[in-house]
Amino acid sequence: MTRIWAAVAMALVTMACADARVPLTIHDGGRSVRDSDGALRSGWPGVYYEARFNGTAVRVGVETRRETVRVLIDGVEKTRLARPFSGYLILDDLAPGDHVVRLERLTESQPGEIRFLGFDIAEGRALPPPAARAKRIEFIGDSHSVGYGNTSPTRDCDGDRVHATTDTQQAFGPLLAKRLDADYRVIAWSGFGVVRNYAGNVPGESLPSIYARAIPGEPASAAPEGWKPQLIVIYLGTNDFSTPVKPGEAWADDAALRAAWRTRYIAFIADLRKRQPQARFVLMGADNFLADLRQVAEASGNVTLLRVPAMEMTGCNWHPSLKDHRMLADILQESVSSISNLWNSSEVLLPLDGDGSIG
């Protein structure tokens, strides 16, 4: 998104008073929560933070329990954390000159277990952050949008393997956004649907019911902000219909489930339009619910319907592989290119805070 905050170095390690460090102003993508100490905490997948500086070294502050994050300099991955960590990473021996540092979240966890503490430098010069990108896309979905187990070499995965092999940054949404040089946000939760989650789990909750949350695993709603995507891509329905309705669920049979699904989906789009009246919509769906999705599209009006073709599904537990995600990015890119005047917007996005700073 296009909030801009000044990153703050947190006192997690002892530093001499003479160790003066200059915090870098950041550009962030995704939905983050500002904690009372100034750190940025995220629970939704695919979040990223960027800053610019002139120099040969930068420090990156992060807390993560078991989530995987990576740090890139000028688009090249320099280090990756896949273990509990709390503190600062120093990336040095960089060539003299201007650089862009970027931290990306790769794995999925809903409780908000990653806290970004900021970028700073001890020498060199802080530069203005990367400019907010003119194109902005929001992706709403489930495990397919998360990139569930997409880097796994086998379909046979337990929970730990799923977690370790999930890379949201290589899911179709971020892949497409990076091709288009767009800022992006991923609002997705594996196993969730429009009205029914996988196998009827967590009855009473669904992706639309938790969409507004700041952290998906917490009840509080996100604060008002300046995120204004021109495009919203929704890929939901796989979990609603992947298993038969069981006795005791809210729907008597498949027909009743489908009717409820269509009604809720139409209402969800209407709610999103109230929040984001400037946005255009692409609705993605597979053959087993494409007819229902077509009815949703017709009732909603002014949306683009995209059929998801058969995939090899060699990721964890029969989920899309990296090849599948590249294919989805390809067909979505072709679909998006047919939407006239999509990116024509003169709207100016403002920082969350008047001075663009944390705290």
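Residues numbered from 1 in each chain as written. Predicted model: local features only at pLDDT ≥ 70, side-chain atom pairs only at ≥ 80, totals over all residues. Heavy atoms only, no water.

(A) Representation of the layout of surface pockets in the model. Empty space within the largest pocket amounts to approximately 440 Å³. Looking at the largest pocket, it is lined by 24 residues, and the ones nearest its centre are Ser143, Tyr198, Thr238, Asn239 and His319. At the level of elements, helix H1 (143–146), helix H5 (238–241) and helix H7 (287–300) are the ones that each hand at least two residues to the lining of the largest pocket. No other element matches H5, which puts three residues into the lining of the largest pocket. Residues belonging to the lining of the largest pocket are distributed by class as follows: eleven nonpolar, twelve polar and one charged. In this structure, the second largest pocket spans a volume of roughly 220 Å³. Taken together, the residues of the lining of the second largest pocket sort by class into six nonpolar, one polar and five charged. (1 Å grid on protein atoms, 1.4 Å probe; cavity = no way out; pocket = protein on both sides within 12 Å on 5 of 7 lines; lining within 4 Å. Points joined across faces, edges and corners; volume = space filled by probe spheres on them. Helix = DSSP H or I, 4+ residues; strand = E, 2+ residues; numbered from the N terminus. Nonpolar A, V, L, I, M, F, W, Y, C, P; charged D, E, K, R; others polar.)

(B) Examining the pattern of salt bridges more closely. Applying the stated rule across the entire model yields 27 salt bridges. Residues glutamate 104 and arginine 70 are paired through a salt bridge, measuring 2.7 Å at the closest nitrogen-oxygen approach. Of this pair, glutamate 104 sits in strand E11 (residues 98–105) while arginine 70 sits in strand E8 (residues 69–73), and the two are 34 residues apart along the sequence. The pair formed by glutamate 104 and arginine 70 is uniform in burial state, with each residue classed as buried. Put simply, glutamate 104 and arginine 102 hold a salt bridge, and the shortest N to O gap is 2.6 Å. Glutamate 104 gets classed as buried once you look at its relative accessible area, which sits at 2%. It is possible to trace a salt-bridge network through shared partners that takes in Glu50, Arg70, Glu77, Arg80, Arg102, Glu104, Arg133, Lys178, Asp181 and Asp183. (Salt bridge = Lys/Arg side-chain N within 4 Å of Asp/Glu carboxyl O. Buried < 20%, exposed > 50% of the residue type's maximum accessible area, 1.4 Å probe, protein only.)

(C) Region of the structure containing the environment of leucine 272. Residue placement: leucine 272 occurs in helix H6 (residues 254–275). Under the relative-accessibility criterion, leucine 272 is labelled buried at 0%. Between the C-alpha atoms of leucine 272 and aspartate 181, which are 91 residues apart in sequence, the distance is 24 Å. In contact with leucine 272, not counting residues within four places along its chain, are Ile140, Tyr211, Ile234 and Phe281. (Contact = heavy atoms within 4.5 Å.)

(D) Region of the structure containing the state of the cysteines. If you walk through the whole model with that rule in mind, you get one disulfide. Linked covalently through their sulfurs, cysteine 157 and cysteine 316 form a disulfide whose S-S length is 2.0 Å. An S-S torsion of about -80° defines the bridge between cysteine 157 and cysteine 316 as left-handed. Of this pair, cysteine 157 sits in the loop between H1 and helix H2 (159–165) while cysteine 316 sits in the loop between strand E18 (303–307) and helix H8 (322–337), placing them 159 residues apart in sequence. Taking relative accessible area as the criterion, cysteine 316 reaches 0% and is therefore assigned buried. (Disulfide = S-S within 2.5 Å.)

(E) Broad picture of the packing of helix H3 (residues 172–179) against H8. As a packed pair, H3 and H8 sit with axes 8 Å apart at the nearest point and diverge in direction by 50°. On the basis of the axis angle, H3 is oblique to H8. Pair H3 / H8 crosses with right-handed handedness. When H3 is examined against H8, the residues Phe172, Leu175, Leu176 and Arg179 are found in contact with a partner set consisting of His325, Arg326, Leu328, Ala329, Asp330, Leu332 and Gln333. Across the contact of H3 with H8, the residue classes tally to six nonpolar, two polar and three charged. (Axes fitted to C-alpha atoms, helices over the stretch in contact; angles between N-to-C directions. Parallel < 35°, antiparallel > 145°, perpendicular 65-115°, else oblique. Left-handed = near helix turned anticlockwise from the far one by under 90°.)

(F) Inspection of the confidence of the model for the protein chain at higher detail. With 91% of its residues at a pLDDT of 70 or more, the protein chain shows a mean pLDDT of 91. Scored below 50 in pLDDT, residues 1–18 makes 79 contacts in the model with residues more than four places away or belonging to other chains. (pLDDT = per-residue confidence, 0-100.)

(G) Spatial organisation of the environment of glycine 315. Of note, glycine 315 is situated in the loop between E18 and H8. Beyond its immediate chain neighbours, meaning those up to four positions away, glycine 315 contacts Gly149, Thr154, Arg155, Pro320 and Ser321.

(H) Looking closely at the pairing of E8. Among the five residues of E8, five are classified as buried, and the element is accordingly described as predominantly covered. Side-chain alternation along E8 places Val69, Val71 and Ile73 on one buried face and Arg70 and Leu72 on a second face that is also buried. In sequence, E8 turns back onto strand E9 (residues 76–81) through a hairpin of two residues, with aspartate 74 there showing a positive phi of about 55°. Two strands pair when backbone bridges link them, and E8 and E11 are joined in this way by five bridges, in the antiparallel orientation. Bridge pairing in E11 links valine 69 to arginine 105. (Pairing = 2+ DSSP bridges.)

(I) Geometry of H7. Over its 14 residues, H7 runs 20 Å from end to end, which matches the ideal 20 Å to within 8%, given 1.5 Å per residue. Buried residues of H7: Phe289, Leu290, Asp292, Leu293, Val296, Ala297 and Ser300, and no others. Its buried side turned inward, H7 meets H5, H6, strand E17 (280–285) and E18. Just past H7, the residue glycine 301 takes up positive phi, approximately 75°. (Expected span 1.5 Å × (residues − 1).)

(J) Quick look at H6. The first and last C-alpha atoms of H6 sit 31 Å apart over 22 residues, in line with the 32 Å expected at 1.5 Å per residue. Summarising the contacts, the buried residues of H6 are in contact with strand E14 (135–141), helix H4 (207–210), strand E16 (231–235), H5, E17 and H7. The N-capping residue of H6, defined by a side-chain oxygen 3.3 Å from the backbone nitrogen of alanine 255, is aspartate 253. (Polar contact = N/O pair within 3.5 Å; in protein donor to acceptor, adjacent residues only side chain to side chain.)

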